[in-house]
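Working through the structure, step by step
Next come the chains, spelled out residue by residue.
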Amino acid sequence: LTTAACITAPQYFGTIGPVTLMAGLVGSLIPDIDHPKSTISNMTLLSKAISKTVTSATKHRGVCHSIVFIIAVHFLLTRFVVGNISFFTAERARCLAAGMMSHILLDMLNPAGVSLFWPFGKKRIKLMHIKTGTFGEYAVAFILVAAEIAMLVTAFLLSPATI
């Protein structure tokens, strides 16, 4: 999602590069801060402490898998981080938000779904019923990796200076 955003709206998300892609990747991990065994929850001592606090206050795929959460994280980053940390720009904050959205969209393919409109509605949205660890999950992953490679190759061929 971050790559597609950079290609279609570089003035808003920035050009494709290692830092924008990393922002999208980190963003894609953030919604799982509400699960103690997730990658993001065990990356650093700080993320482990944040995860402990979050998991004690909410359940997995609740608050952290909502549009409100994405907006809140984006607001906090643009308010307190952008301008104070030189490499973290508004465009990179948007890439991080795009990564978060990609995670939530993919979780909507799982039978558990997500409470996308929390707190306004707690109904879980389930677009498909692809279970984790099944052929369906691997097929979706393969398609997304192929699409990512195709987008990066196309972007590089069209404008090698942007990557």
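To be clear, the structure that these remarks concern was listed above.
As the structure is a prediction and not an experimental result, all values here were calculated from the model.

1. Here we look at the overall build of the chain
Counting its regular elements, the chain contains 7 helices and 0 strands. Seen in sequence order, the chain has helices and strands lined up from the N terminus as α-α-α-α-α-α-α. Since a compact globule built from 163 residues should have a radius of gyration of about 15 Å, the 16 Å found for the chain is in line with a globular shape. Seen along its three principal axes, the alpha-carbon backbone of the chain occupies a region of about 45 × 40 × 30 Å. The proportion of buried residues among the 163 residues of the chain is 35%. Intrachain contacts of the chain at a sequence separation of at least 6 include 51% that bridge at least 24 residues. With the model as given, the accessible surface of the chain reaches about 9700 Å², and the carbon-plus-sulfur share is 73%.

2. What to know about the packing of helix H5 (residues 67-80) against helix H6 (residues 90-107)
The axes of two packed helices give the description: the angle between them and the distance between them. One can describe the packing of H5 onto H6 by two numbers: an axis separation of 10 Å at closest approach and a directional angle of 165 degrees. As judged from the angle between their axes, H5 and H6 are roughly antiparallel. For the element pair H5 and H6, the recorded crossing hand is right-handed. Only Ala93, Arg94, Leu96, Ala97, Met100, Met101 and Ile104 of H6 make contact with H5, whose side of the interface consists of Phe69, Ile70, Val73, His74, Leu77 and Thr78. Per-class residue counts for the contact of H5 with H6 are 10 nonpolar, 2 polar and 1 charged.

How each quantity is defined
Residues numbered from 1 in each chain as written. Predicted model: local features only at pLDDT ≥ 70, side-chain atom pairs only at ≥ 80, totals over all residues. Heavy atoms only, no water. Helix = DSSP H or I, 4+ residues; strand = E, 2+ residues; numbered from the N terminus. Rg over C-alpha atoms; globule rule 2.2 N^0.38 Å. Buried < 20%, exposed > 50% of the residue type's maximum accessible area, 1.4 Å probe, protein only. Contact = heavy atoms within 4.5 Å. Areas by Shrake-Rupley, 256 points an atom, 1.4 Å probe, with all protein chains shown as cover. Axes fitted to C-alpha atoms, helices over the stretch in contact; angles between N-to-C directions. Parallel < 35°, antiparallel > 145°, perpendicular 65-115°, else oblique. Left-handed = near helix turned anticlockwise from the far one by under 90°. Nonpolar A, V, L, I, M, F, W, Y, C, P; charged D, E, K, R; others polar.

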